[in-house]
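# Observations on chain architecture
As a plain string of letters, each chain reads:
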Amino acid sequence: MKPIIISFLVTALVFVPLIYTLLNRKYRRFYVPAKMLNSAAFVINLCALSAISGNSKAFAYLMPGFLLCFAGDFFMGLHNRQVKKQYLLLGTLLFLLGHICFISYLYTLSGFTPYDLILPALGVIGVLILRKIPSFFLGKFAYAGMIYAVFVCTMAGKAIQVLWTNPGAKGICLALGGIFFLTSDVLIAPLYFKKKRAWAVHGLNIGTYYLAMFFIAVSVLF
């Protein structure tokens, strides 16, 4: 329990300056460095918890995903500062590859079932519905969004299924990680593709994302 508490406190501590850059425009120029500090923290967190648990198998699957998300964070941060489609596309691609790593790990814990197709299908339908809503402007990104939705929803659905088939602390952590990751990715739609958005959307997007990474890292302890 002690490593989990220390891990959470460190994660929360480095998250504070990141949120402050969103709340205070005067410090907005520090957004990318603050974001990368948080990204580095979750990579270090996985390394430390894996060393404590000795779970080399989980580490081998998860670390590539964490590093891809770290790189994705960098380009997403640049997009937030400079609003370039190239940064958004590259960041999305890196996150998609990260999700593939997480999905691969989850399938080592629970095999394929027809239920794995339900949530991805709903994700694609969700993107198609967003295309029809006037307040959203997905444009050509709709096709990329459908592909991304398949992988995000597959990860979330499989994480929940791991909990269903293997109830316990590990399953709970992975399920929470999947749910928070899905929540964060759903918030991408109003964050980047809505004409008007509430100021809190950005904070909720990154907050749920870092919670997802925290719970996935903690899962290696069990």
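In this text the structure is predicted, and so the values were computed from the model without any measurement.

## Quick word on the overall build of the protein
Counting its regular elements, the protein contains 9 helices and 0 strands. Ordered by position from N to C terminus, the α and β elements of the protein give α-α-α-α-α-α-α-α-α. Rg of the C-alpha trace for the protein: 17 Å, near the compact-globule value of 17 Å for 222 residues, within the 12% margin. Its C-alpha atoms give the protein principal-axis dimensions of roughly 45 × 45 × 25 Å. Within the protein, counting contacts between residues at least 6 apart in sequence, those at least 24 apart form 73% of the total.

## What about helix α4 (residues 85-109)?
Here α4 is 25 residues long and its end C-alpha atoms lie 36 Å apart, about the 36 Å a rise of 1.5 Å per residue gives. All of the buried residues in α4 are L88, G91, L94, F95, L96, G98, H99, C101, F102, I103, Y105 and L106.

## Notes on the nonpolar core
Ranked by size, the top nonpolar core spans 61 residues in total, and within it L62, F66 and F181 carry the most contacts. Not counting chain neighbours up to four residues away, the residues in contact with F66 comprise F42, V43, L46, F102, M213, I216 and A217.

## What about the packing of helix α6 (residues 141-165) against helix α7 (residues 169-186)?
Look at α6 against α7: their axes get within 7 Å of each other, and the N-to-C directions meet at 155 degrees. It follows that α6 is roughly antiparallel to α7 by the angle criterion. Between α6 and α7 lies a crossing of left-handed hand. Every residue of α7 that contacts α6 at Y148, V152, C153, M155, A156, A159, I160, V162 and L163 is listed here: G171, I172, L174, A175, G178, I179, F181, L182 and D185. In terms of residue class, the contact of α6 with α7 is made up of 15 nonpolar, 2 polar and 1 charged.

## Overview of the pattern of salt bridges
Evaluation of the coordinates by the stated rule reveals 2 salt bridges. Between K35 and D73 there is a salt bridge whose closest N-O contact spans 3.4 Å. Of this pair, K35 sits in helix α2 (residues 31-53) while D73 sits in helix α3 (residues 56-82), and the two are 38 residues apart along the sequence. You'll find K35 and D73 in the same group, each marked buried. The partner of D116 in a salt bridge is K158, and the shortest N-O contact between them spans 3.2 Å. Here D116, found in the loop between α4 and α5 (118-132), pairs with K158, found in helix α6; they are 42 residues apart in sequence, far enough to count as distant. For the pair formed by D116 and K158, the shared burial category is buried.

## Focus: the environment of A51
Here A51 is to be found in helix α2. A residue is classified by how much of its surface remains accessible, and A51, at 63% relative accessible area, is exposed. Each C-alpha atom, one on A51 and one on L221, is 9.4 Å from the other, the two residues being 170 residues apart in sequence.

## A look at the confidence of the model for the protein
In this model, the protein carries a mean pLDDT of 89, and residues with pLDDT of at least 70 account for 97%. Looking across the protein, the model is least confident in helix α8 (residues 188-192), with a mean pLDDT of 79, and most confident in α7, with 94.

## Let's talk about the side chain of H99
Mapped onto the fold, H99 is located in helix α4. Those residues in contact with H99 that lie beyond four places of it in its chain are Y148, F151, V152, M155, F181 and D185.

## Section: α2
In this model, α2 (23 residues) spans 33 Å end to end at C-alpha, consistent with the 33 Å of a helix rising 1.5 Å per residue. Of the residues flanking the end of α2, it is G54, one or two places downstream, whose phi is positive at about 75 degrees.

## Observations concerning the side chain of S50
Mapped onto the secondary structure, S50 falls in helix α2. Only 2.8 Å separates the side chain of S50 from the backbone oxygen of L46, close enough to count as a polar contact.

What counts as what
- Residues numbered from 1 in each chain as written.
- Predicted model: local features only at pLDDT ≥ 70, side-chain atom pairs only at ≥ 80, totals over all residues.
- Heavy atoms only, no water.
- Helix = DSSP H or I, 4+ residues; strand = E, 2+ residues; numbered from the N terminus.
- Rg over C-alpha atoms; globule rule 2.2 N^0.38 Å.
- Contact = heavy atoms within 4.5 Å.
- Expected span 1.5 Å × (residues − 1).
- Buried < 20%, exposed > 50% of the residue type's maximum accessible area, 1.4 Å probe, protein only.
- Core = buried A, V, L, I, M, F, W, Y, C linked by side-chain atoms within 4.5 Å.
- Axes fitted to C-alpha atoms, helices over the stretch in contact; angles between N-to-C directions.
- Parallel < 35°, antiparallel > 145°, perpendicular 65-115°, else oblique.
- Left-handed = near helix turned anticlockwise from the far one by under 90°.
- Nonpolar A, V, L, I, M, F, W, Y, C, P; charged D, E, K, R; others polar.
- Salt bridge = Lys/Arg side-chain N within 4 Å of Asp/Glu carboxyl O.
- pLDDT = per-residue confidence, 0-100.
- Polar contact = N/O pair within 3.5 Å; in protein donor to acceptor, adjacent residues only side chain to side chain.

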